[in-house]
Amino acid sequence: IVEDGAIHTQLDWGQCRIEVGYKDDIPYILLHTPPRMETEMVFVMRRKGSGLDLAPLVTNTPIASSAIEYRLKTMPLPEPLNPHFESATNRPRLFRELLEYGWGDLVARQPMTERYRLEDITYNGRELVLTIYPAADPSLAPYIADCQALAEPFAVALAEFLEITPIPSAQQ
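Within each chain, residues carry numbers counting from 1 in the order of the written sequence. With the structure being a predicted model, the display of local features is reserved for residues of pLDDT at least 70 and the display and counting of side-chain atom pairs for 80 or more, all residues being used for whole-chain, interface and lining totals. Only hydrogens and water are removed before side-chain values are computed, so all heavy atoms of the structure are retained for them.

Student: How should I be thinking about the overall build of the chain in this particular structure?
Tutor: Helix numbers and strand numbers start at the N terminus; a helix is a DSSP run of H or I with at least 4 residues, a strand a run of E with at least 2. If you tally the helices and strands in the chain, you get 2 helices and 9 strands. Beginning at the N terminus, the succession of helices and strands in the chain can be written as β-β-β-β-β-β-β-α-β-β-α. Relative to the globule expectation of 16 Å for 172 residues, the C-alpha radius of gyration of the chain, 15 Å, shows essentially globular dimensions. On the principal axes, the C-alpha backbone points of the chain span a range of 50 × 35 × 25 Å. The reference for a compact globule is 2.2 Å times residues^0.38; the radius of gyration itself is calculated from the C-alpha atoms.

The structure is reproduced here in structure tokens:
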């Protein structure tokens, strides 16, 4: 289904919204995973030296679509992620638990294909958004199934982690 310039697809693990954008004539793909009940944990993992010229992560990096304004703390990542990615979160302990749960391995193993490269992973407390850098303009190549396959393990792992991990309110 195409609506508001985005493609909506239904998969076994939920509905995705996929959008194509351009930054200085460089194409990118945004894949939004199914929204969940909002948590007070947010994080960003961003590729260092991104071809999309993404801004470096800082303490006040804005999280798009977040209902609450969070103060992020930049965090060093373990090897083998550190040379390639930087990260920031409002809940460092929980983010470390997510990395140990297998998220870090998942990011490290994400496919570096000739066609697609994961540039940014943002969780805004409600939905996971992946920014994918395609080798070819998406309007000239098929990309939907490939991007869904790239996103599925991330969406499933995060959903499983959130189901088993209590995230207490920062207000308590």
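Student: How should I be thinking about the pairing of strand 2 (residues 6-11) in this particular structure?
Tutor: Working note: regular strand, side chains alternate between the two faces of the sheet. By definition, two strands form a pair when at least two bridges between them are found by DSSP. Note: strand 2 against strand 3 (residues 14-23), 5 bridges, orientation antiparallel. Counterpart to Thr9 in the pairing with strand 3 is Cys16. From the end of strand 2 to the start of strand 3, which pair antiparallel, there are 2 residues.

Student: I tried to follow the packing of aromatic side chains on my own but got confused; where do I start?
Tutor: Geometry of an aromatic ring pair is reported as the spacing of the ring centres plus the angle between the planes. Two rings from Phe, Tyr or Trp (for Trp, the six-membered ring) form a pair when their centres are within 6.5 Å of each other. A pair whose planes differ by under 30 degrees is stacked, one over 60 is edge-to-face, and the rest are tilted. Under the criterion given, the structure shown has 5 aromatic pairs. Considering the side-chain rings of Phe43 and Phe95, the 5.1 Å spacing of their centres and the 40° angle between planes classify their relative orientation as tilted. One end of the pair, Phe43, is in strand 5 (residues 43-47); the other, Phe95, is in helix 1 (residues 92-109), with 52 residues separating them in the sequence. We call a residue buried when its accessible area falls under 20% of the maximum for its residue type, exposed when it is over 50%, and partly exposed in between, using a 1.4 Å probe and counting protein chains only. Of the residues examined, Phe43 reaches a relative accessible area of 0% and is grouped as buried. Overall, Phe95 belongs to the buried group, its relative accessible area being 0%. Where Phe43 meets Trp103, the ring centres are 5.7 Å apart and the plane angle is 75°; that geometry is what we call edge-to-face. Taken as a pair, Phe43 in strand 5 and Trp103 in helix 1 lie far apart in primary sequence, 60 residues in all. Side by side, Phe43 and Trp103 carry an identical accessibility label, which is buried. Joined through ring pairs, the aromatic side chains of Phe43, Phe95, Trp103, Tyr123 and Phe154 make up one cluster.

Student: Before we go on, may I ask you to explain empty space enclosed by the protein in this structure?
Tutor: To find leftover empty space, a probe the size of one water molecule is rolled over the atoms. Note on definitions: the grid is 1 Å and covers protein atoms alone; a cavity is a set of points where a 1.4 Å probe fits but cannot get out; a pocket is an open set with protein on both sides within 12 Å along at least five of seven lines; lining residues have an atom within 4 Å of a point. Grid points are joined across faces, edges and corners, and a volume is the space filled by probe spheres set on the points. Enumeration according to the criterion identifies 1 cavity of 30 Å³ or more in this entry. Each pocket or cavity is described by its volume, and for the largest cavity that value is around 70 Å³. Lining the largest cavity, in full, are Trp13, Thr33, Pro34, Arg36, Tyr123, Arg126, Glu127, Leu128, Ala155, Leu158, Ala159 and Leu162. Among the elements that take part in the lining of the largest cavity, helix 2 (residues 144-164) stands out by supplying 4 residues, more than any other. Residues are sorted three ways: Asp, Glu, Lys and Arg are charged, Ala, Val, Leu, Ile, Met, Phe, Trp, Tyr, Cys and Pro are nonpolar, and all the rest, Gly among them, are polar. Class assignment for the residues of the lining of the largest cavity results in 8 nonpolar, 1 polar and 3 charged.

Student: Quick question: what am I supposed to make of helix 1 here?
Tutor: Within an α-helix, residues lying three or four positions from one another point in the same direction, as the helix has 3.6 residues per turn. The end-to-end C-alpha distance of helix 1, which contains 18 residues, comes to just 22 Å, noticeably less than the 26 Å that a straight helix rising 1.5 Å per residue would cover. Every buried residue of helix 1 is listed here: Pro92, Leu94, Phe95, Leu98, Leu99, Trp103, Gly104, Leu106 and Val107. Pairs of residues are marked as contacts when any of their non-hydrogen atoms sit within 4.5 Å. Where helix 1 is buried, its residues contact strand 5, strand 6 (73-75), strand 7 (85-89), strand 8 (116-123), strand 9 (128-134) and helix 2. One less than the number of residues in a helix, times 1.5 Å, gives the span that helix is expected to have.

Student: What am I meant to see in the packing of helix 1 against helix 2 here?
Tutor: Between two packed helices, the angle of one axis relative to the other and the distance separating the axes together describe the packing. Interaxial distance between helix 1 and helix 2 falls to 10 Å at its minimum, and their mutual angle equals 155°. Considering their axes alone, helix 1 and helix 2 lie roughly antiparallel with respect to each other. The interaxial crossing formed by helix 1 with helix 2 has right-handed handedness. Contacts between helix 1 and helix 2 involve Leu94, Glu97, Leu98, Tyr101, Trp103, Leu106 and Val107 on the former and, on the latter, Pro153, Phe154, Ala157, Leu158, Glu160, Phe161 and Ile164. Fitted lines through C-alpha atoms give the axes, limited to the stretch in contact for helices. The angle between two N-to-C directions lies from 0 to 180 degrees. Angles are sorted into four bins: roughly parallel if under 35 degrees, roughly antiparallel if over 145, roughly perpendicular if 65 to 115, and oblique for all others. Take the far helix as your reference; a near helix turned counterclockwise from it by less than a right angle gives a left-handed crossing, and one turned clockwise gives a right-handed crossing.

Student: Looking at this structure, I do not really get the pattern of salt bridges. What am I missing?
Tutor: Any two side chains of opposite charge can pair, so long as their charged atoms come close to each other. Counted as salt bridges are all cases of a side-chain nitrogen of Lys or Arg within 4 Å of a carboxyl oxygen of Asp or Glu. By the definition in use, this model includes 6 salt bridges. Across the pair Glu19 and Arg17 runs a salt bridge, and its minimum N-O distance is 3.2 Å. For the salt bridge of Glu40 with Arg91, the shortest nitrogen-to-oxygen distance reads 3.4 Å. Of this pair, Glu40 sits in the loop between strand 4 (26-32) and strand 5 while Arg91 is found in the loop between strand 7 and helix 1, placing the two residues 51 residues apart along the sequence. The same class applies to Glu40 and to Arg91, which are both buried. What you see here is one network of salt bridges that share partners, running through Arg47, Arg117 and Glu119.

These figures come from the coordinates and say nothing about function on their own.
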